[in-house]
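Summary of the model geometry
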Amino acid sequence: MSKLEDIVSLCKRRGFIFPGSDVYGGMAGTWDFGPLGVMLKKNIMDAWWHYFVEKRDDMYGIDAAIIMNPKTWVASGHAATFADPLVECKECKSRFRADKIADGITESVTTEEFLALHVKCPTCGKENWGPIRKFNMMFTTHVGAVLPEDTKENPELAEKNIAYLRPETAQGIFTNYKNVIDTFYPSLPFGLAQQGKAFRNEISPRDFILRDRECSQMEIEYFVAPNTWEENFEKMRKAQHDFLENVIGLPAKNIHELEVPKEDRAHYSKRTIDFMFDYPNGEEELMGLAYRTDFDLSNIERESGKSMEYRDKNTKEVFIPHVIEPSIGVERLFLAVLSNAYTEDEINGEKRTVLKLPQSLAPYQFCVSPLLKNKPELVEKAQQVYQALKEKYGNVTWDDSGNIGKRYRKQDEIGTPKCVVIDFETLENDTVTIRDRDTTDQIRKSISEL
Ligand code: GAP
């Protein structure tokens, strides 16, 4: 099995991530987070929120609606340009994202360029392609009490009630920029941060949770004076590295910056750096940092007829702010954390799998066990320690299944940093054994020191 397959298997076996709608045979590009996955995901999201919002004076959080007025997506350019190159094999009718089945081409590939590469169909092996068509990735839905039969009689109704599931959380921020300006009167530069679901009808969801049809994003729109964008871009670039490396614990050597060339940048961007990560299946985009200029606010101003101008309190200058946007997918960060933590090693001649998660991200901080579960005096004492630690740390687990070796192996696999064991010596002198996940070393400590 490849390392990615090992991670997928561990995620299912231990309740981190299950395939979406598993019981009905699944739903491509969707995944469900299980009890441990939710804890790890929440710890990652909380770490981001703490670092970028709570610790800073220049950031405000928001939580906007997922379904927005469709004008949003006209103004943002998504209705016209949020599309991937779709190509169909005329032999077997399989459909692919063209730039994902051939090397050295990008999303802007033309039919001629694609045909010149003589790509074989990954499904049937033949080479008989139709033209490249642009496929808009936004999911559509209808809002309001309109029945299918109503739209048959009056097709305009369907068009009128159409709405989209947001393909990025960013637009919920831009459309609230004016509300925040009018209620909090922030000085530039300031940022609005949001975490939430985004939906993309990806042509080829793949690599476990790396490319999903439903994902969570953590985005900041950082509003700056136009002539300061470069210095703010640089500060934001450094902050991303600090967060990824020093808070999340990803090794700097596995993060690579890619300066995205003009032809590959999103329609709104004048500069983009993709932060690439060495995933088990190779280097992939973990997050992006973009200079969105005044593209979004100017378009909102035009589409809504409302002024998006900012008036500088000192200089009295009036202008539309420019925007620096760091945008990261929670699932991609989750997979980077798991890939980095997943380790197979050998302890005293025995193979084991261990998730070397940073302590702050691990689902459980401690596991508490009685050495033997059929000794009521040990169980009672262990319960006291368990309740006390749970009171103090919250995320503490209890395990009295199987023998102690099996418990250690299970806790290693789910990344619990410390196992606390109550044995007969505990009853004599109130000390416990603490076993370290990474070194497997055991030390004795008094309960009061825990
Ligand atoms: N607002 C800017 C924006 O959405 P993007 O590069 O399209 O930019 C930002 O997406 C980040 O969102 C990506 O770097 C990635 O981490 C995550 N992301 C995007 N599409 C995704 C998908 N289909 N599955 C998982 N994560 C995705």
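Residues numbered from 1 in each chain as written. Predicted model: local features only at pLDDT ≥ 70, side-chain atom pairs only at ≥ 80, totals over all residues. Heavy atoms only, no water.

Before going further, it helps to examine the domain arrangement of the protein. Think of interface size as the accessible area that goes away when the parts come together; that is how it is often given. Domain assignment breaks the protein into domain 1 (4-68 + 166-338) and domain 2 (364-449). Taking only C-alpha atoms, the centre of domain 1 and the centre of domain 2 are 39 Å apart. Facing the six residues of domain 1 at the interface are five residues of domain 2. On the domain 1 side of the interface with domain 2, the three residues burying the most area are Arg14, Leu36 and Met39, jointly 68% of the side's total. The interface formed by domain 1 and domain 2 holds two salt bridges in total. For Glu413, the salt bridge is made with Arg14, and the minimal N-O distance between the two is 2.8 Å. Run the count over domain 1 and domain 2 and you get two residue pairs in polar contact (both at pLDDT 80 or more). Those elements that place two or more of their residues in the side of domain 1 that touches domain 2 are α1 (3-13) and α2 (35-54). Among the residues forming the side of domain 1 that touches domain 2, the class breakdown is four nonpolar, no polar and two charged. (Domains from an automatic or database assignment. Contact = heavy atoms within 4.5 Å. Buried area = accessible area lost by both parts, 1.4 Å probe. Salt bridge = Lys/Arg side-chain N within 4 Å of Asp/Glu carboxyl O. Polar contact = N/O pair within 3.5 Å; in protein donor to acceptor, adjacent residues only side chain to side chain. Helix = DSSP H or I, 4+ residues; strand = E, 2+ residues; numbered from the N terminus. Nonpolar A, V, L, I, M, F, W, Y, C, P; charged D, E, K, R; others polar.)

For any two helices packed against each other, one specifies the inter-axial angle together with the distance between the axes. With their axes 10 Å apart at the nearest point, α2 and helix α12 (residues 330-341) run at an angle of 105 degrees to one another. Compared by their axis directions, α2 and α12 come out roughly perpendicular. Residues Gly37, Leu40, Lys41, Ile44 and Met45 of α2 form the contact with α12, whose participating residues are Val330, Glu331, Leu333, Phe334, Val337 and Leu338. Classifying every residue of the contact of α2 with α12 by side-chain character gives eight nonpolar, one polar and two charged. (Axes fitted to C-alpha atoms, helices over the stretch in contact; angles between N-to-C directions. Parallel < 35°, antiparallel > 145°, perpendicular 65-115°, else oblique.)

Let us look at the site of the ligand. Inspection of the region around the ligand gives 21 residues, with Glu168, Arg200, Asp212, Glu219 and Glu285 positioned closest. With respect to the ligand, the backbone of Asp212 contributes an N or O atom lying 2.8 Å from a nitrogen atom. Separating a nitrogen atom of the ligand from a side-chain N or O atom of Arg292 is a distance of 3.4 Å. In the complex, 90% of the free accessible area of the ligand, which totals 550 Å², lies under the protein chains. Among the elements of the structure, β10 (214-224), β13 (282-293) and β16 (322-329) are those that each provide at least two residues to the shell around the ligand. With five residues, the single largest contributor to the shell around the ligand is β13. Each residue belonging to the shell around the ligand can be placed in one class, and the counts come to seven nonpolar, four polar and ten charged. (Near = heavy atom within 4 Å. Areas by Shrake-Rupley, 256 points an atom, 1.4 Å probe, with all protein chains shown as cover.)

With that out of the way, let us pick up the layout of surface pockets. Unfilled space is identified by rolling a water-sized probe across the atoms. Its volume calculated, the second largest pocket comes out at about 330 Å³. Thr175, Ile300, Ser304, Lys306 and Met308 are, among the 14 residues lining the second largest pocket, the residues nearest its centre. Every element with two or more residues in the lining of the second largest pocket is listed here: α3 (71-75), α8 (170-174), α9 (177-184) and α11 (295-304). Per-class residue counts for the lining of the second largest pocket are four nonpolar, six polar and four charged. (1 Å grid on protein atoms, 1.4 Å probe; cavity = no way out; pocket = protein on both sides within 12 Å on 5 of 7 lines; lining within 4 Å. Points joined across faces, edges and corners; volume = space filled by probe spheres on them.)

In this section: the pairing of strand β18 (residues 350-355). Note that strand β17 (residues 342-347) and β18 share six bridges and pair antiparallel. Bridge pairing links Thr343 to Val354 in β18. The loop that links β17 with its antiparallel partner β18 comprises two residues; one of these, Asn348, has a positive phi angle of about 50 degrees. (Pairing = 2+ DSSP bridges.)

On to the sheet that holds strand β3 (residues 59-61). If you trace the seven strands from one edge of the open sheet to the other, you get β3-β9-β10-β16-β13-β12-β11, paired in mixed fashion. One side of each edge strand has no neighbouring strand; the edge strands of this open sheet are β3 and β11 (255-259). Taken over all neighbouring pairs, the strand axes of this sheet differ in orientation by 25 degrees on average, direction set aside. Alignment of β10 against β16, held across six bridges, turns out to be antiparallel. Along β16, the bridge assignment pairs Glu219 with Ser327.

What follows is about a nonpolar patch on the surface. Together, Leu371, Leu372, Phe424 and Leu427 make up a nonpolar patch on the protein surface, roughly 300 Å² of accessible area in all. Inspection of the secondary structure puts Leu372 in the loop between β19 (366-370) and α13 (376-393). The class of Leu372 is partly exposed, set by a relative accessible area of 34%. (Patch = residues over 30% accessible without salt bridge, like charges linked within 9 Å, V, L, I, M, F, W, Y side chains within 5 Å. Buried < 20%, exposed > 50% of the residue type's maximum accessible area, 1.4 Å probe, protein only.)

To continue, consider the side chain of Glu413. Examined against the element boundaries, Glu413 turns out to sit in helix α14 (residues 404-414). Polar contacts involving the side chain of Glu413 include one to the side chain of Arg14, which spans 2.8 Å. The contact partners of Glu413, leaving out residues within four places of it in the chain, are Leu10, Arg13, Arg14, Phe16, Thr353 and Leu355.

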